[in-house]
Amino acid sequence: MAKGIRERHARGCRSPGGGRCDCEPSFEAQLWNPVEGKPVRRTFRDPADARTWLRDARIALRRGRAVVHAVPTLEQAGEAWLGLARSGVVRARGGHPYKPASVRDYERALRLRAYPALGSEPLDEITRGDLQALVDKLGEKGLAATTIETTVNAVRAIYRHEIGRDRLKVNPTRGVELPSGGARRERFATPAEAKALLAAVPVEDRATWATAFYAGLRRGELMALREQVVDVKAAEIRAEFGWDAVEGEQETNGRERR
């Protein structure tokens, strides 16, 4: 291996113990930056890319130009992403702002599960094997499939943001195998069952439950329902707002008629 470049293997790889490599190693290039008084490191999937960066970085130092700094750690990038998601700068697929509850779910997933395992690792040093090991470990702890999926989705959103801005090239979340949550039980109540269920709730609550039942409104949409969006003659409800337990009234992604 060229001077200034070292081969890095995923956790659990057999090669450090003398066995045959069973991971996809990365290649870390490093050189000392006398101006800043500290080393500069970059990690690559291809050793040729590592050699090219190291050569260009040495030339830049000799000519007094800045050297590209190491990419942020998962925790650094994650905290920046959360701030952008809360402000609406970063948006979900489809171009809609992330709902406050979704951002809180991602924040919990990152701080409770992703950061403790990989938070101190630079983004370009985290491999698919590292993420798969995290998924497997969470599964061994008995966490629900949806909880594990939310954790991976939070990390995936960070990588999608960084790659979309040309700060990274490789997305290690691709190909990570997630546990199955099992077959979902899809069943709709019959008209007779719906009538029986409504008859079982207190009279003063029947209008609310009937609206939810027959209009298909979610809890947040029911809580934010306004009189002016209900057109009795047209038998129409415009679901224009939702309700978040922390942030209060929220606009829905698209105004729906029910």
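See the structure printed just above.
Calculation criteria
Residues numbered from 1 in each chain as written. Predicted model: local features only at pLDDT ≥ 70, side-chain atom pairs only at ≥ 80, totals over all residues. Heavy atoms only, no water. Buried < 20%, exposed > 50% of the residue type's maximum accessible area, 1.4 Å probe, protein only. Helix = DSSP H or I, 4+ residues; strand = E, 2+ residues; numbered from the N terminus. Pairing = 2+ DSSP bridges. Core = buried A, V, L, I, M, F, W, Y, C linked by side-chain atoms within 4.5 Å. Phe/Tyr/Trp six-rings, centres within 6.5 Å; stacked < 30°, edge-to-face > 60°. Expected span 1.5 Å × (residues − 1). Arc of directions from axis to C-beta. Contact = heavy atoms within 4.5 Å.

Caption draft 1: How the structure looks around the pairing of strand 2 (residues 26–33). Counting buried residues in strand 2 gives six out of eight residues, a clear majority hidden from the surface. Here strand 1 (residues 5–8) runs beside strand 2; their pairing, made up of four bridges, is antiparallel. Among the inter-strand pairings, E7 is bridged to a residue of strand 2, identified as F27. Of the pairings in the sheet, the one linking strand 2 to strand 3 (residues 38–44) comprises seven bridges and is antiparallel in character.

Caption draft 2: Spotlight on the nonpolar core. Within the largest apolar cluster, 29 residues are counted, with the highest numbers of intra-cluster contacts made by L74, W81, Y98, L110, L123, V155 and I158. Contributing elements (two or more residues each) for this core: helix 2 (74–87), helix 3 (100–118), helix 4 (128–140) and helix 5 (145–164). At seven residues, helix 5 tops the list of elements feeding residues into this core. Of all hydrophobic cores here, the second largest spans ten residues; its members include I5, F27, A29 and A50.

Caption draft 3: Quick look at the packing of aromatic side chains. A full pass over the atoms with the stated rule returns three aromatic pairs. Ring centres 5.2 Å apart and planes at 75° place the aromatic pair W81 and Y98 in the edge-to-face group. Pair noted here: W81 is in helix 2 and Y98 is in the loop between helix 2 and helix 3, with a separation of 17 residues, a long-range link. Among the residues examined, W81 registers a relative accessible area of 1% and is labelled buried. Taking relative accessible area as the criterion, Y98 reaches 12% and is therefore assigned buried. Clustering of aromatic rings is evident, with ring pairs tying together W81, Y98 and Y106.

Caption draft 4: Structural context of helix 1 (residues 47–62). A rise of 1.5 Å per residue sets the reference length of helix 1, with its 16 residues, at 22 Å; its end C-alpha atoms lie 23 Å apart and thus fit the reference within 8%. Buried within helix 1 we find A50, W53, L54, A57 and A60. Angularly, the buried residues of helix 1 cover 125° about the axis, an arc narrow enough to put them on a single face. In the core, the buried residues of helix 1 are packed alongside strand 1, strand 2 and strand 3. Looking at the residues trailing helix 1, positive phi occurs at G64, about 80°.

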